[in-house]
Amino acid sequence: MTESSSHLDFERPIVTLEKRIEEMEIQAETDGLDLSRELHNLEEKVEKLRKEIYSDLSRWQRVQISRHPQRPYALDYIGRMLTDFTELHGDRHYGDDKSIVGGPARLEGEPIMVVGIQNGRSVEERQMRNFGMPHPEGYRKALRLMQMAAKFNRPILTLVDTSGAFPGIEAEERGQAEAIARNLYEMSHLPVPIVVAIIGQAFSGGAIGVTVGDRILMLEHAVYSVIVPESCSTILFRTRDRKEEAAEALRLSAEDLLTEKIIDRIVPEPFGGAHHDYDEVASSLKLHIQEALAELRGLPPTELVDQRVEKFGRMGVFEE
(Lines give C-alpha, C1' and ligand atoms only; values in the text may rest on other atoms or scores of the structure.)
Protein backbone atom coordinates (compact mmCIF):
# COMPACT_ATOMS: atom_id res chain seq x y z
CA MET A 1 0.00 0.00 0.00
CA THR A 2 1.31 3.44 -0.84
CA GLU A 3 1.32 6.35 1.57
CA SER A 4 -0.83 8.47 -0.75
CA SER A 5 -3.65 5.95 -1.14
CA SER A 6 -5.98 4.01 1.10
CA HIS A 7 -6.21 1.29 -1.54
CA LEU A 8 -4.16 -1.88 -1.16
CA ASP A 9 -1.62 -2.91 -3.78
CA PHE A 10 -3.62 -5.92 -4.97
CA GLU A 11 -6.72 -3.72 -5.41
CA ARG A 12 -5.09 -1.58 -8.13
CA PRO A 13 -6.91 -3.32 -11.06
CA ILE A 14 -10.21 -2.57 -9.30
CA VAL A 15 -9.22 1.04 -8.65
CA THR A 16 -8.23 1.50 -12.30
CA LEU A 17 -11.65 0.34 -13.46
CA GLU A 18 -13.45 2.47 -10.86
CA LYS A 19 -11.56 5.54 -12.05
CA ARG A 20 -12.55 4.71 -15.63
CA ILE A 21 -16.21 4.50 -14.54
CA GLU A 22 -15.94 7.87 -12.82
CA GLU A 23 -14.39 9.44 -15.91
CA MET A 24 -17.13 8.01 -18.15
CA GLU A 25 -19.86 9.30 -15.84
CA ILE A 26 -18.36 12.79 -16.01
CA GLN A 27 -18.05 12.54 -19.79
CA ALA A 28 -21.65 11.36 -20.15
CA GLU A 29 -22.94 14.26 -18.07
CA THR A 30 -20.72 16.86 -19.74
CA ASP A 31 -21.31 15.79 -23.36
CA GLY A 32 -24.88 14.54 -22.97
CA LEU A 33 -23.96 11.02 -24.05
CA ASP A 34 -25.79 7.79 -23.24
CA LEU A 35 -23.06 5.53 -21.88
CA SER A 36 -25.31 3.46 -19.63
CA ARG A 37 -24.53 0.16 -21.37
CA GLU A 38 -20.77 0.72 -21.22
CA LEU A 39 -21.01 1.80 -17.57
CA HIS A 40 -23.10 -1.25 -16.69
CA ASN A 41 -20.56 -3.56 -18.33
CA LEU A 42 -17.68 -1.91 -16.47
CA GLU A 43 -19.51 -2.12 -13.14
CA GLU A 44 -20.16 -5.83 -13.68
CA LYS A 45 -16.48 -6.27 -14.51
CA VAL A 46 -15.49 -4.50 -11.27
CA GLU A 47 -17.73 -6.75 -9.17
CA LYS A 48 -16.46 -9.89 -10.91
CA LEU A 49 -12.85 -8.82 -10.40
CA ARG A 50 -13.46 -7.93 -6.75
CA LYS A 51 -15.00 -11.36 -6.10
CA GLU A 52 -12.11 -13.12 -7.85
CA ILE A 53 -9.52 -11.25 -5.77
CA TYR A 54 -11.23 -11.58 -2.39
CA SER A 55 -12.18 -15.23 -2.85
CA ASP A 56 -8.53 -16.23 -3.18
CA LEU A 57 -6.49 -13.99 -0.88
CA SER A 58 -2.92 -14.91 -0.02
CA ARG A 59 -1.76 -14.72 3.58
CA TRP A 60 0.29 -11.61 2.81
CA GLN A 61 -2.78 -9.93 1.31
CA ARG A 62 -4.63 -10.66 4.56
CA VAL A 63 -1.79 -8.98 6.45
CA GLN A 64 -2.28 -5.93 4.23
CA ILE A 65 -6.03 -5.87 4.92
CA SER A 66 -5.42 -6.20 8.68
CA ARG A 67 -3.23 -3.07 8.49
CA HIS A 68 -5.62 -0.98 6.38
CA PRO A 69 -5.47 2.62 7.70
CA GLN A 70 -9.27 2.89 7.68
CA ARG A 71 -9.86 -0.40 9.50
CA PRO A 72 -11.88 0.07 12.72
CA TYR A 73 -9.85 0.20 15.93
CA ALA A 74 -10.74 -0.79 19.49
CA LEU A 75 -12.57 2.44 20.35
CA ASP A 76 -14.64 2.16 17.16
CA TYR A 77 -15.92 -1.21 18.36
CA ILE A 78 -16.38 -0.07 21.94
CA GLY A 79 -18.52 2.85 20.80
CA ARG A 80 -20.73 0.60 18.66
CA MET A 81 -20.99 -2.53 20.82
CA LEU A 82 -20.98 -1.25 24.40
CA THR A 83 -22.72 1.36 26.52
CA ASP A 84 -21.74 3.25 29.68
CA PHE A 85 -18.02 2.92 28.90
CA THR A 86 -15.84 4.79 31.35
CA GLU A 87 -12.14 4.88 30.45
CA LEU A 88 -9.74 4.40 33.35
CA HIS A 89 -6.12 5.51 33.23
CA GLY A 90 -2.71 4.67 34.66
CA ASP A 91 -0.92 1.61 35.99
CA ARG A 92 -0.36 3.04 39.51
CA HIS A 93 3.37 2.52 39.06
CA TYR A 94 4.72 4.72 36.27
CA GLY A 95 2.16 6.42 34.04
CA ASP A 96 -0.67 6.12 31.55
CA ASP A 97 0.00 4.32 28.27
CA LYS A 98 -2.49 5.65 25.72
CA SER A 99 -1.99 2.67 23.39
CA ILE A 100 -4.03 0.65 25.90
CA VAL A 101 -7.59 1.78 26.54
CA GLY A 102 -9.99 0.18 28.97
CA GLY A 103 -12.57 0.45 31.66
CA PRO A 104 -15.98 -0.77 32.81
CA ALA A 105 -18.86 -0.87 30.34
CA ARG A 106 -22.08 -2.71 29.60
CA LEU A 107 -22.85 -5.23 26.88
CA GLU A 108 -26.63 -5.23 26.42
CA GLY A 109 -26.96 -4.27 30.07
CA GLU A 110 -24.45 -6.81 31.38
CA PRO A 111 -21.50 -5.25 33.27
CA ILE A 112 -18.12 -6.15 31.75
CA MET A 113 -14.54 -4.88 31.73
CA VAL A 114 -13.11 -4.05 28.31
CA VAL A 115 -9.41 -3.65 27.45
CA GLY A 116 -8.22 -2.75 23.96
CA ILE A 117 -5.04 -1.90 22.09
CA GLN A 118 -5.67 1.38 20.25
CA ASN A 119 -3.87 2.99 17.31
CA GLY A 120 -4.48 6.38 15.70
CA ARG A 121 -5.31 7.66 12.21
CA SER A 122 -3.66 11.08 12.04
CA VAL A 123 0.08 11.47 12.56
CA GLU A 124 -0.52 13.23 15.87
CA GLU A 125 -2.89 10.55 17.14
CA ARG A 126 -0.57 7.74 16.05
CA GLN A 127 2.26 9.32 18.00
CA MET A 128 0.01 9.81 21.01
CA ARG A 129 -1.07 6.14 20.82
CA ASN A 130 2.54 5.07 20.19
CA PHE A 131 1.42 3.43 16.93
CA GLY A 132 -0.53 0.82 18.88
CA MET A 133 2.62 -0.61 20.50
CA PRO A 134 2.15 -0.79 24.29
CA HIS A 135 4.81 0.04 26.88
CA PRO A 136 5.17 -1.95 30.13
CA GLU A 137 2.84 0.49 31.87
CA GLY A 138 0.21 -0.34 29.26
CA TYR A 139 0.31 -4.03 30.12
CA ARG A 140 0.29 -3.18 33.82
CA LYS A 141 -2.74 -0.94 33.30
CA ALA A 142 -4.48 -3.76 31.45
CA LEU A 143 -3.71 -6.16 34.29
CA ARG A 144 -4.94 -3.67 36.89
CA LEU A 145 -8.28 -3.40 35.08
CA MET A 146 -8.59 -7.16 34.67
CA GLN A 147 -7.86 -7.74 38.36
CA MET A 148 -10.52 -5.13 39.15
CA ALA A 149 -12.93 -7.10 36.96
CA ALA A 150 -12.14 -10.26 38.91
CA LYS A 151 -12.72 -8.44 42.21
CA PHE A 152 -16.21 -7.35 41.12
CA ASN A 153 -16.96 -10.59 39.23
CA ARG A 154 -17.19 -8.96 35.78
CA PRO A 155 -16.39 -10.82 32.52
CA ILE A 156 -13.42 -9.44 30.59
CA LEU A 157 -13.32 -8.54 26.89
CA THR A 158 -10.02 -7.73 25.18
CA LEU A 159 -9.74 -6.21 21.69
CA VAL A 160 -6.34 -6.97 20.15
CA ASP A 161 -4.71 -5.04 17.30
CA THR A 162 -0.94 -4.48 17.46
CA SER A 163 2.24 -5.08 15.52
CA GLY A 164 3.90 -5.87 18.86
CA ALA A 165 5.01 -4.37 22.13
CA PHE A 166 7.12 -1.21 21.94
CA PRO A 167 10.74 -2.36 21.31
CA GLY A 168 12.57 0.73 22.61
CA ILE A 169 15.28 0.56 25.26
CA GLU A 170 13.15 2.60 27.69
CA ALA A 171 10.49 -0.13 27.58
CA GLU A 172 13.10 -2.73 28.44
CA GLU A 173 14.38 -0.54 31.26
CA ARG A 174 10.87 -0.41 32.73
CA GLY A 175 10.43 -4.18 32.53
CA GLN A 176 8.67 -4.94 29.24
CA ALA A 177 9.34 -8.69 29.30
CA GLU A 178 8.32 -9.02 32.95
CA ALA A 179 5.10 -7.06 32.39
CA ILE A 180 4.02 -9.32 29.51
CA ALA A 181 5.03 -12.48 31.37
CA ARG A 182 3.11 -11.33 34.43
CA ASN A 183 0.00 -10.78 32.31
CA LEU A 184 0.25 -14.29 30.86
CA TYR A 185 0.39 -15.82 34.31
CA GLU A 186 -2.27 -13.65 35.91
CA MET A 187 -4.72 -13.88 33.00
CA SER A 188 -4.47 -17.65 33.02
CA HIS A 189 -5.67 -17.68 36.66
CA LEU A 190 -8.34 -14.95 36.73
CA PRO A 191 -11.61 -16.50 38.02
CA VAL A 192 -13.93 -14.71 35.56
CA PRO A 193 -14.77 -15.38 31.88
CA ILE A 194 -12.32 -13.84 29.40
CA VAL A 195 -13.27 -13.34 25.76
CA VAL A 196 -10.54 -12.21 23.35
CA ALA A 197 -11.31 -10.61 19.98
CA ILE A 198 -8.46 -10.24 17.48
CA ILE A 199 -9.68 -7.33 15.35
CA GLY A 200 -6.62 -6.51 13.22
CA GLN A 201 -3.00 -7.58 13.38
CA ALA A 202 -1.87 -9.47 16.46
CA PHE A 203 1.86 -10.05 16.47
CA SER A 204 4.52 -11.08 18.94
CA GLY A 205 4.34 -11.22 22.72
CA GLY A 206 2.88 -7.75 22.52
CA ALA A 207 -0.37 -9.32 21.34
CA ILE A 208 -0.42 -12.37 23.59
CA GLY A 209 0.06 -10.11 26.62
CA VAL A 210 -3.70 -9.48 26.45
CA THR A 211 -4.77 -12.59 24.52
CA VAL A 212 -5.04 -15.32 27.16
CA GLY A 213 -8.75 -16.14 27.26
CA ASP A 214 -11.46 -18.78 27.44
CA ARG A 215 -12.74 -17.99 23.95
CA ILE A 216 -10.59 -16.43 21.25
CA LEU A 217 -12.51 -14.81 18.40
CA MET A 218 -10.80 -13.57 15.26
CA LEU A 219 -12.09 -11.37 12.47
CA GLU A 220 -12.04 -12.93 9.03
CA HIS A 221 -9.17 -10.79 7.70
CA ALA A 222 -7.23 -10.41 10.95
CA VAL A 223 -3.82 -12.07 11.40
CA TYR A 224 -2.13 -13.58 14.47
CA SER A 225 1.47 -14.77 14.73
CA VAL A 226 4.60 -14.82 16.86
CA ILE A 227 6.34 -12.34 14.53
CA VAL A 228 5.56 -9.91 11.71
CA PRO A 229 6.36 -11.31 8.24
CA GLU A 230 8.94 -8.59 7.50
CA SER A 231 10.99 -9.43 10.61
CA CYS A 232 10.60 -13.16 9.98
CA SER A 233 11.90 -12.66 6.44
CA THR A 234 14.85 -10.63 7.72
CA ILE A 235 15.81 -13.30 10.26
CA LEU A 236 15.37 -16.33 8.01
CA PHE A 237 16.36 -14.94 4.61
CA ARG A 238 18.50 -11.89 5.53
CA THR A 239 16.14 -9.66 3.53
CA ARG A 240 12.70 -8.11 4.00
CA ASP A 241 11.86 -8.76 0.34
CA ARG A 242 10.61 -12.30 1.01
CA LYS A 243 7.85 -11.20 3.40
CA GLU A 244 5.17 -12.85 1.24
CA GLU A 245 6.96 -16.18 1.56
CA ALA A 246 7.37 -15.66 5.29
CA ALA A 247 3.65 -14.92 5.68
CA GLU A 248 2.78 -18.19 3.97
CA ALA A 249 5.14 -20.12 6.23
CA LEU A 250 3.77 -18.48 9.38
CA ARG A 251 0.20 -19.68 8.65
CA LEU A 252 -1.21 -16.59 10.31
CA SER A 253 -4.71 -16.38 8.83
CA ALA A 254 -7.92 -17.00 10.75
CA GLU A 255 -8.56 -20.21 8.80
CA ASP A 256 -5.07 -21.50 9.63
CA LEU A 257 -5.45 -20.76 13.32
CA LEU A 258 -8.93 -22.27 13.55
CA THR A 259 -7.57 -25.46 11.98
CA GLU A 260 -4.73 -25.52 14.52
CA LYS A 261 -7.23 -24.85 17.35
CA ILE A 262 -5.43 -21.67 18.38
CA ILE A 263 -8.66 -19.68 18.02
CA ASP A 264 -12.26 -20.72 18.61
CA ARG A 265 -14.35 -18.73 16.11
CA ILE A 266 -13.95 -16.72 12.92
CA VAL A 267 -16.10 -13.57 12.80
CA PRO A 268 -17.20 -12.67 9.24
CA GLU A 269 -16.33 -9.24 7.87
CA PRO A 270 -18.14 -7.15 5.25
CA PHE A 271 -17.10 -8.01 1.72
CA GLY A 272 -13.70 -6.42 1.09
CA GLY A 273 -12.83 -5.97 4.77
CA ALA A 274 -14.05 -4.41 8.02
CA HIS A 275 -13.19 -0.89 6.82
CA HIS A 276 -16.10 -1.01 4.36
CA ASP A 277 -18.81 -1.09 7.05
CA TYR A 278 -18.01 -0.39 10.71
CA ASP A 279 -21.58 -0.96 11.88
CA GLU A 280 -21.92 -4.35 10.18
CA VAL A 281 -18.66 -5.77 11.52
CA ALA A 282 -19.32 -4.40 15.01
CA SER A 283 -22.78 -6.01 15.00
CA SER A 284 -21.32 -9.33 13.88
CA LEU A 285 -18.56 -9.23 16.50
CA LYS A 286 -21.00 -8.26 19.25
CA LEU A 287 -23.18 -11.27 18.48
CA HIS A 288 -20.20 -13.64 18.67
CA ILE A 289 -19.05 -12.08 21.96
CA GLN A 290 -22.51 -12.56 23.45
CA GLU A 291 -22.57 -16.19 22.34
CA ALA A 292 -19.14 -16.81 23.85
CA LEU A 293 -20.10 -15.21 27.17
CA ALA A 294 -23.32 -17.25 27.26
CA GLU A 295 -21.25 -20.44 26.99
CA LEU A 296 -19.01 -19.37 29.87
CA ARG A 297 -21.47 -17.69 32.19
CA GLY A 298 -22.53 -20.74 34.21
CA LEU A 299 -19.10 -22.29 34.73
CA PRO A 300 -17.64 -22.24 38.26
CA PRO A 301 -14.43 -20.18 38.63
CA THR A 302 -12.25 -23.25 39.26
CA GLU A 303 -13.55 -24.93 36.12
CA LEU A 304 -13.00 -21.75 34.08
CA VAL A 305 -9.37 -21.57 35.18
CA ASP A 306 -8.75 -25.31 34.67
CA GLN A 307 -10.19 -25.23 31.16
CA ARG A 308 -8.20 -22.10 30.28
CA VAL A 309 -4.90 -23.59 31.46
CA GLU A 310 -5.65 -26.83 29.63
CA LYS A 311 -6.61 -24.91 26.47
CA PHE A 312 -3.27 -23.13 26.26
CA GLY A 313 -1.36 -26.20 27.40
CA ARG A 314 -2.58 -28.08 24.34
CA MET A 315 -1.25 -25.45 21.92
CA GLY A 316 1.90 -26.49 20.12
CA VAL A 317 1.63 -30.17 21.05
CA PHE A 318 2.35 -32.48 18.13
CA GLU A 319 3.22 -36.09 17.33
CA GLU A 320 5.88 -37.33 14.96
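Described in the following lines is the structure provided in the data block. Starting from 1, residues in each chain are numbered consecutively following that chain's sequence as written. Thresholds applied to this predicted model are a pLDDT of at least 70 for local features of residues and 80 or more for the giving and counting of side-chain atom pairs; totals over whole chains, interfaces and linings are not thresholded and use all residues. Hydrogens and water molecules were not included; the side-chain quantities draw on all heavy atoms of the structure.

Quick look at the side chain of N130
Step number 1: Mapped onto the elements of the fold, N130 is located in the loop between helix 5 (123–128) and helix 6 (136–151).
Step number 2: Leaving out residues up to four positions away in the same chain, N130 has contacts with H135 and F166. By the criteria applied, helices consist of DSSP H or I runs no shorter than four residues and strands consist of E runs no shorter than two, each listed in order from the N terminus. Note on contacts: a residue pair qualifies if any of its non-hydrogen atoms lie within 4.5 Å across the two residues.

Examining the pattern of salt bridges
Step number 1: For this analysis, a salt bridge means a side-chain nitrogen from Lys or Arg found within 4 Å of a carboxyl oxygen belonging to Asp or Glu. Summed over all chains, the structure comprises 27 salt bridges.
Step number 2: Ionic pairing is found between R106 and D84, a salt bridge with its closest N-O pair at 3.6 Å. Here the residue R106 occupies a position in strand 1 (residues 100–107), and D84 occupies one in the loop between helix 4 (74–81) and strand 1, the gap between them amounting to 22 residues.
Step number 3: Counted as one network, the salt bridges with shared partners bring together R59, E248, R251 and D256.

As for the packing of aromatic side chains
Step number 1: In this scheme Phe, Tyr and Trp rings, the latter by its six-membered ring, pair at centre separations within 6.5 Å, and the angle between planes marks the pair as stacked below 30 degrees, edge-to-face above 60, and tilted otherwise. Summed over the entire model, instances satisfying the criterion amount to two aromatic pairs.
Step number 2: Judged by centre distance (5.9 Å) and plane angle (65 degrees), the rings of F10 and Y54 are edge-to-face. Here the residue F10 occupies a position in the segment before helix 1 (12–31), and Y54 occupies one in helix 2 (residues 36–54), the gap between them amounting to 44 residues.
Step number 3: Plain terms: the ring middles of Y54 and F271 are 5.7 Å apart, the flat faces sit at 55 degrees to each other, and that makes the pair tilted. Pair noted here: Y54 is in helix 2 and F271 is in the loop between strand 7 (265–267) and helix 13 (278–296), with a separation of 217 residues, a long-range link.

Remarks on the packing of helix 6 against helix 8 (residues 176–189)
Step number 1: Helix axes are fitted to C-alpha atoms over the stretch in contact, other axes to C-alpha atoms as well, and angles between N-to-C directions run from 0 to 180 degrees. Packing of helix 6 against helix 8 brings their axes to within 8 Å, and their N-to-C directions diverge by 20 degrees. In this view, helix 6 runs roughly parallel relative to helix 8, as classed from their interaxial angle. Here the hand of the crossing between helix 6 and helix 8 comes out left-handed. Taking contact as the criterion, the partners of P136, Y139, R140, A142, L143, M146 and Q147 in helix 6 are, on helix 8, Q176, E178, A179, I180, R182, N183, E186 and M187.
Step number 2: For the contact of helix 6 with helix 8, the per-class residue count stands at eight nonpolar, three polar and four charged. Between 65 and 115 degrees an angle is taken as roughly perpendicular, under 35 as roughly parallel, over 145 as roughly antiparallel, and anywhere else as oblique. Crossing handedness: left-handed means the near helix sits turned counterclockwise from the far one by under a right angle, and right-handed means the same turn made clockwise. Amino acids outside the nonpolar list (Ala, Val, Leu, Ile, Met, Phe, Trp, Tyr, Cys, Pro) and the charged list (Asp, Glu, Lys, Arg) are all regarded as polar, and Gly is one of them.

No statement about biological role is implied by the geometric values presented.
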